[in-house]
Amino acid sequence: MKTLDRYILKSFLVPFLATFFIILFVLVMQALWLVFDNLAGKGISVEIVLKFLWYTTLIVAPQALPIGVLLSSIMTLGSLSENYEFAAAKSAGVSLQRMVRPIVFLAIFLSGINFLFLNYVYPYAMLKQLNMKVNIKKKQPAIALVAGSFNTEIPNFQIKFKEKYGEEDNLLKEVMIYDLSSKKGNNKIITAKRGEILSEEGSRYMTLVLKNGYYFEHHLKNGASFKEREKMPASYADFEKYTINIDISSFSNDDLEEEKYKTNYNMLSLAQLKDTLPTLKQNYDAFVNSRAKNLFLSIDVEDLHQYPDSLKNKDLSLDILENFELKEKRNILSTATSKLERTINNNKTNKDTLKNKRKYLNLYDIEFYNRVAFSLSCLLLFFIGAPLGSIIRKGGMGLPMILAIAIYVLYFFSNTFGRNLAEESSLTAITGSWLSVFLMLPLAITLTVRATKDKGLINLESIIHPFTNFILYFTKKRNTFVLYEYNVPLGKKANLYREQLNEVENHKLIKFIKNYHQYGYTKEFRQVAINILSEREGQNIKLLKETGQLENLVYKEVLKKVKEFKIAAKAVLFFWLGIIIINSLILVNIGFLGFFLLFLLLIIHTALLISVHGIYQRLNQSMGNKLTQNPLLFYTLGILLFFTVYYFSLNEIKEKLKTIT
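The structure reproduced in this document is the subject of the present report. (Residues numbered from 1 in each chain as written. Predicted model: local features only at pLDDT ≥ 70, side-chain atom pairs only at ≥ 80, totals over all residues. Heavy atoms only, no water.)

**Digging into the overall build of the chain**
- Looking only at helices and strands, the chain has 23 helices and six strands in total.
- With 661 residues in all, the chain has 37% of them scored as buried.
- Of all intrachain contacts in the chain linking residues separated by at least 6 positions in sequence, the fraction that spans at least 24 positions is 73%.
- Surface summary for the chain: the accessible area is close to 39,800 Å², and the carbon and sulfur share equals 60%. (Helix = DSSP H or I, 4+ residues; strand = E, 2+ residues; numbered from the N terminus. Buried < 20%, exposed > 50% of the residue type's maximum accessible area, 1.4 Å probe, protein only. Contact = heavy atoms within 4.5 Å. Areas by Shrake-Rupley, 256 points an atom, 1.4 Å probe, with all protein chains shown as cover.)

Here is the structure:
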């Protein structure tokens, strides 16, 4: 290995290891904070807690690795550019590609490590951690109860409630309990408006106190005849307070490392997922086929056969109902209506089941493709971070940290967004899993090309140019104002202007001619002044004109920039109005397309706003920094209320133009 390669690798590895472990620590602490209430005060040994943290570390490591690569690549390349080491290398004939070659190989190696980690270590850690979570919850059954569905973990009881609240999450709303202790099915049902779970650590009982409810029980003996069952003997009562003691001693003996769940989609390797998916797809297809067959049979569809002409009854009407009597028509319509209603109800009943089965299959399908896509994140984010660092030329933990967080949030958001769409079958599993790569790859290619050609991050002028041309096309007829003219036709006021200017000295006449626009004079007034000056001895108008004494060149240049600012601002105003309209339509619920258009318009609007602010700053410099616009205020109000920014900016420019002489 050459000295240059060792130096580049050392420059990369030091910040990489530091940032990787810092980010890993942050992610582990975040995961620990989410489950802290489930671990604290539950009689769990330190060994189990440490094992739980170890499994959490293994799970979040594949996320920390690409963040570390991204941040360290920006820091390393930014530091090398900031210290002019790239410039020195280029002067020695070493290209950027040659400089970063060892880090590229390292990024490929880290992507391979990430793939192996996701395929072997991550499933193992998920299996261990999830089973440990379930077993820890069983140490405190109140924690294991989940709102919105029947909880069947507690023996002999099925408990459902709408909401769990309170400081200790032990207060329940709208409780329903099936008492199955009699082993005769759900013959005993208890409902209550509110409930409270009381249990002490180490106790074999969990006490459930119900308030303001009802108690219902069927009284059926074993071997009861049909007539006895038909009488439906039952008891019914309401209560203000009802206490149930539930035996939970079976939970206290559970091994915290017992593995009951082993086939979840995130607990399987790629090979296991590949073997599991065909079976899941066959089961799903079989369910769909059975529902289709049931639908076919329920509507009594029969095969149609073509009869010979000799067998056709020529007296039958083409309108089928017209061939029956009124009573028969009613029977036919009634039967058809009832069948349709029954079919529709069956479809509605099975809709959620079908959706859940499809979603369950999608989870396995997405996990298979996402493992491969996410393992390439190290390489992808490197080709974003490395050229970005060389372009911004800034090392350290300041700006690189902000950029790295912003880029990873964008990557993680697009990855999660794609997975969610694929989970709901809005996208295919492979498209949803690779969506973040498809979105970020053009950015990586663009940044790499620009860094290789030693170009800046983005040329905002090239972005705004098409929009300004569009605005100019419609406004060019109105923007034909010429500031300085020398053959203006004289009107009725010419004699009055001559009387006013005849006694004015030459240097004052030149001042009026030069700054007439600032003083509020007309072109006719200026032309009269030029005529008087040309009639006086010793004044050569042609010479004065050529030497620029009759024109305010600074003012002329400022007016050009004002015009440029107005055109660019109108382009921004156009997109700002588009954002307002789309945002109003979103309130009427136009769906995903509306949000996508709003997001696209916001990006264009922000880019144009940055360009307009650049034009505004150049205008300010040409005016001698007389404008007092606050950049933070400009951007903040510009995104939300650009019309206000545009109005106040124009007023200030008009006032300051009068002071240019």
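Here the narrative resumes, following the displayed structure.
**Here's the deal with the pairing of strand 5 (residues 205-218)**
- In this structure, strand 4 (residues 188-198) lies alongside strand 5, joined through 10 bridges in antiparallel fashion. Opposite Ile 197, over in strand 5, you have Leu 208 as the bridge partner.
- In terms of strand pairing, strand 5 meets strand 6 (residues 234-247) through 13 bridges, oriented antiparallel. Pairing of Val 209 across the sheet is with Thr 243, part of strand 6. (Pairing = 2+ DSSP bridges.)

**Some details on the packing of aromatic side chains**
- Under the counting rule described, the total for this entry stands at 14 aromatic pairs.
- Ring geometry for Phe 16 against Phe 20: centres 6.0 Å apart, planes inclined by 20°, an arrangement best described as stacked. Of this pair, Phe 16 and Phe 20 are both found in helix 1 (residues 3-34), four residues apart, which corresponds to roughly one turn of the helix. Residues Phe 16 and Phe 20 agree in their burial class; the two are buried.
- Taking 5.9 Å as the distance between ring centres and 10° as the angle between the ring planes, the aromatic pair formed by Phe 413 and Phe 417 counts as stacked. With Phe 413 and Phe 417 both in helix 12 (residues 399-423), this residue pair falls four residues apart, about one helical turn.
- With a relative accessible area of 54%, Phe 413 lands in the exposed category. (Phe/Tyr/Trp six-rings, centres within 6.5 Å; stacked < 30°, edge-to-face > 60°.)

**Quick look at helix 3 (residues 46-82)**
- Along its length, helix 3 shows its largest kink, about 45°, at Ala 61, and proline Pro 62 lies within four residues downstream of that point.
- The buried fraction of helix 3 is high, at 28 of 37 residues.
- Taken from the residues just after helix 3, Tyr 84 is the one with a positive phi, measuring 60°. (Bend = angle between axes of the 7 residues up to and from the residue.)

**Observations concerning the packing of helix 15 (residues 494-501) against helix 18 (residues 523-535)**
- Remark: helix 15 packs on helix 18, axes separated minimally by 9 Å, with the N-to-C direction vectors making an angle of 55°. The angle between helix 15 and helix 18 falls in the class oblique. With respect to the hand of their crossing, helix 15 and helix 18 are arranged in right-handed fashion. Where helix 15 abuts helix 18, its residues Ala 494, Tyr 497, Arg 498, Gln 500 and Leu 501 lie against Glu 524, Phe 525, Val 528, Ala 529, Asn 531, Ile 532 and Glu 535. (Axes fitted to C-alpha atoms, helices over the stretch in contact; angles between N-to-C directions. Parallel < 35°, antiparallel > 145°, perpendicular 65-115°, else oblique. Left-handed = near helix turned anticlockwise from the far one by under 90°.)

**A few points about a nonpolar patch on the surface**
- A contiguous nonpolar patch, built from Ile 22, Phe 25, Val 26 and Met 29 and spanning about 380 Å² of accessible area, is present on the exposed surface.
- Within the element layout of this structure, Met 29 appears in helix 1.
- Among the residues examined, Met 29 registers a relative accessible area of 33% and is labelled partly exposed. (Patch = residues over 30% accessible without salt bridge, like charges linked within 9 Å, V, L, I, M, F, W, Y side chains within 5 Å. Salt bridge = Lys/Arg side-chain N within 4 Å of Asp/Glu carboxyl O.)

**So, the pattern of salt bridges**
- One pass over the structure, following the stated rule, counts eight salt bridges.
- A salt bridge links Lys 173 to Glu 163, with the shortest nitrogen-to-oxygen separation between them at 3.7 Å. With a gap of 10 residues between them, Lys 173 in strand 3 (residues 171-179) and Glu 163 in strand 2 (residues 163-165) connect regions that are remote in the sequence.
- Classification of Glu 163 by relative accessible area gives partly exposed; the value is 36%.
- A salt bridge links Lys 188 to Asp 179; its shortest N-O distance comes to 3.5 Å.
- The class of Asp 179 is buried, set by a relative accessible area of 9%.
- One salt-bridge network, in which partners are shared between bridges, spans Lys 359, Glu 423 and Glu 424.

**Things to note about unusual backbone geometry**
- Located in the positive-phi region is Asn 212, a residue other than glycine, with phi close to 55°.
- Summarising the element assignment, Asn 212 is placed in strand 5.

**So, the packing of helix 11 (residues 377-392) against helix 13 (residues 429-452)**
- Look at helix 11 against helix 13: their axes get within 8 Å of each other, and the N-to-C directions meet at 35°. For helix 11 against helix 13, the interelement crossing comes out left-handed. Across the interface between the two elements, Leu 380, Phe 383, Ile 384, Pro 387, Leu 388, Ser 390 and Ile 391 from helix 11 touch Val 437, Met 440, Leu 441, Leu 443, Ala 444, Leu 447, Thr 448, Arg 450 and Ala 451 from helix 13.
- Each residue belonging to the contact of helix 11 with helix 13 can be placed in one class, and the counts come to 13 nonpolar, two polar and one charged. (Nonpolar A, V, L, I, M, F, W, Y, C, P; charged D, E, K, R; others polar.)

**Things to note about helix 11**
- The terminal C-alpha atoms of helix 11, which comprises 16 residues, lie 22 Å apart, in line with the 22 Å expected from a rise of 1.5 Å per residue.
- Most of helix 11 sits out of view: 13 of its 16 residues are buried.
- Positioned one or two residues after helix 11, Arg 393 has a phi angle of 55°, which is positive. (Expected span 1.5 Å × (residues − 1).)

**Observations regarding the pairing of strand 4**
- In the sheet, strand 3 pairs with strand 4 via eight bridges, with the strands oriented antiparallel. Following the sheet pairing, Leu 171 is matched in strand 4 by Glu 196.

**A closer look at the side chain of Ser 72**
- Within the secondary structure, Ser 72 sits in helix 3.
- Here the side chain of Ser 72 touches Gly 68 through a polar contact of 2.6 Å, landing on its backbone oxygen.
- Contacts of Ser 72, omitting those with residues within four sequence positions, involve Phe 12, Pro 15, Phe 16 and Thr 19. (Polar contact = N/O pair within 3.5 Å; in protein donor to acceptor, adjacent residues only side chain to side chain.)

**Overview of the environment of Thr 431**
- Of note, Thr 431 is situated in helix 13.
- For Thr 431, a relative accessible area of 29% translates into the label partly exposed.
- Distance in space between the C-alpha atoms of Thr 431 and Arg 419 is 8.8 Å, their sequence separation being 12 residues.
- Of the polar contacts made by the side chain of Thr 431, one reaches the side chain of Thr 428; its length is 2.7 Å.

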